[in-house]
Amino acid sequence: MNDMPVRVMQFDLDPEEIKRSIPTFAHGLGLSMTLPYLEPYLIRSMRVALEFATDEKIIQDVKQFIGQEGQHFRQHQKLNDILRETYPAYAGLQEIEDDMEADYQRFTKTMSLRFNLAYAEGFEAATCSLARQALENPEPGDTGMQRLFKWHGTEEVEHRTVTFDIYHHLYGGYFYRLFVGMFGQYHFFKYVFRFANYISKHCPDSDKPKTLEVKTRGQKDLERKALLSLLGKVLKTYSPFYNPAKLEIPEMHASMSTQYSNEAIDTRVME
Ligand SMILES: [Fe+2]
Ligand SMILES: [Fe+2]
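No experiment lies behind these values; they were computed from the predicted model shown.

1. Let's talk about the overall build of the chain
Here's step 1: Scanning the chain from N- to C-terminus turns up nine helices and two strands.
Here's step 2: Reading the helices (α) and strands (β) of the chain from amino to carboxyl end gives β-α-α-α-α-α-α-α-α-α-β.
Here's step 3: Computed over the C-alpha atoms, the radius of gyration of the chain is 19 Å, within 12% of the 18 Å expected from 2.2 N^0.38 for a compact globule of 271 residues.
Here's step 4: If one aligns the C-alpha atoms of the chain with their principal axes, the spans along those axes are about 60 × 40 × 40 Å.
Here's step 5: Burial statistics for the chain: of 271 residues in total, 49% are counted as buried.
Here's step 6: Long-range pairs, those at least 24 residues apart, make up 89% of the contacts in the chain between residues at least 6 apart in sequence.

2. Concerning the packing of helix α3 (residues 93-110) against helix α4 (residues 113-136)
Here's step 1: Relative orientation of the contacting elements α3 and α4 amounts to 135 degrees, with a least axis distance of 8 Å. By the angle between their axes, α3 is oblique relative to α4. Contacts between α3 and α4 involve Y104, F107 and T108 from the former and F115, N116 and Y119 from the latter.
Here's step 2: Within the contact of α3 with α4, the residues separate by chemical class into four nonpolar, two polar and no charged.

3. Structural notes on the coordination of the iron ion (ligand 1)
Note on metal sites: the ideal angle is 109.5 degrees for four tetrahedral donors, and 90 or 180 degrees for six octahedral donors.
Here's step 1: At 1.9 to 2.3 Å from the iron ion (ligand 1) lie its protein donor atoms, namely E39 (OE), E69 (OE), H72 (ND1), H152 (NE2) and E156 (OE).
Here's step 2: Counting gaps between the donor residues of the iron ion (ligand 1) yields the pattern E-x29-E-x2-H-x79-H-x3-E.
Here's step 3: The metal-metal distance between the iron ion (ligand 1) and the iron ion (ligand 2) is 3.8 Å, with E69 coordinating both. Taken together, the positions of E39 in helix α1 (residues 15-50) and H72 in helix α2 (residues 56-86) put the pair 33 residues apart, joining distant regions of the chain.
Here's step 4: By relative accessible area, H72 is classed as buried at 0%.

4. A closer look at the nonpolar core
Here's step 1: Formed by 63 residues in total, the largest nonpolar core has its most connected members in L38, Y90, Y104, Y119 and I199.
Here's step 2: Elements that contribute at least two residues to this core include exactly α1, α2, α3, α4, α5 (144-158), α6 (162-170), α7 (174-201) and α9 (252-263).
Here's step 3: Apart from residues lying up to four places away in sequence, I199 is in contact with I22, A26, L29, G30, M33, L83, Y90 and L93.

Calculation criteria
- Residues numbered from 1 in each chain as written.
- Chains lettered and ligands numbered in written order.
- Predicted model: local features only at pLDDT ≥ 70, side-chain atom pairs only at ≥ 80, totals over all residues.
- Heavy atoms only, no water.
- Helix = DSSP H or I, 4+ residues; strand = E, 2+ residues; numbered from the N terminus.
- Rg over C-alpha atoms; globule rule 2.2 N^0.38 Å.
- Buried < 20%, exposed > 50% of the residue type's maximum accessible area, 1.4 Å probe, protein only.
- Contact = heavy atoms within 4.5 Å.
- Axes fitted to C-alpha atoms, helices over the stretch in contact; angles between N-to-C directions.
- Parallel < 35°, antiparallel > 145°, perpendicular 65-115°, else oblique.
- Nonpolar A, V, L, I, M, F, W, Y, C, P; charged D, E, K, R; others polar.
- Donors = N, O, S within 2.8 Å, 3.2 Å for Na, K, Ca; no water.
- Core = buried A, V, L, I, M, F, W, Y, C linked by side-chain atoms within 4.5 Å.

Below, the structure written as structure tokens:
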């Protein structure tokens, strides 16, 4: 069995759950909004890279990466469509989507393959850090929306080495990857926040929780520790000695991979 199979999943997305999540999960929804633009851009870059790659293992990994990312953005598109239909004001999200798509089309057309691969690795290093953080602090619950995010995180960890390996196979060079990768992270997360702010701002007051949840000191401490731990993971990816193949992956990742393979309606190895 390939260790990054392309799983075709089916998630029952509940519009009421998505609506209820808006006040507390706007950044997760904002992240989801970016993916039908970011992930096709990664796929375009990787398809060009395949024209030049000569290492059989890396070529197969890139194909599996393309297959996995292709499923990710299609699943998030379903969630985003429900979100967009929730309130009429969310039709305005389209303007941000158009800006993001224009940026990525411009990068594909005008920037070098080296730039596009370094951007991809910056994004993948950050999302692998987020996914590992989520594995270390698993959220209880398995609603359709929660399963969608957990499945996506599981596969992000599975394919963590692919953009790093193809960049170093074709180009190499630490400083270029570092600076373009950091630019990529800034560029990408700027859009996550733009979407999240729009989603929060245009949620009608009548649908926001009536009382603000008061967090205990213990909860605040836990959140601070989680944030510092995530920051530590991201900072380590900036080291010249960083290599995603050497990362320690929480044990439960293997069982989640198996679980999602069993739940998939189809699994594919790319030709
Ligand atoms: Fe993805
Ligand atoms: Fe990815």
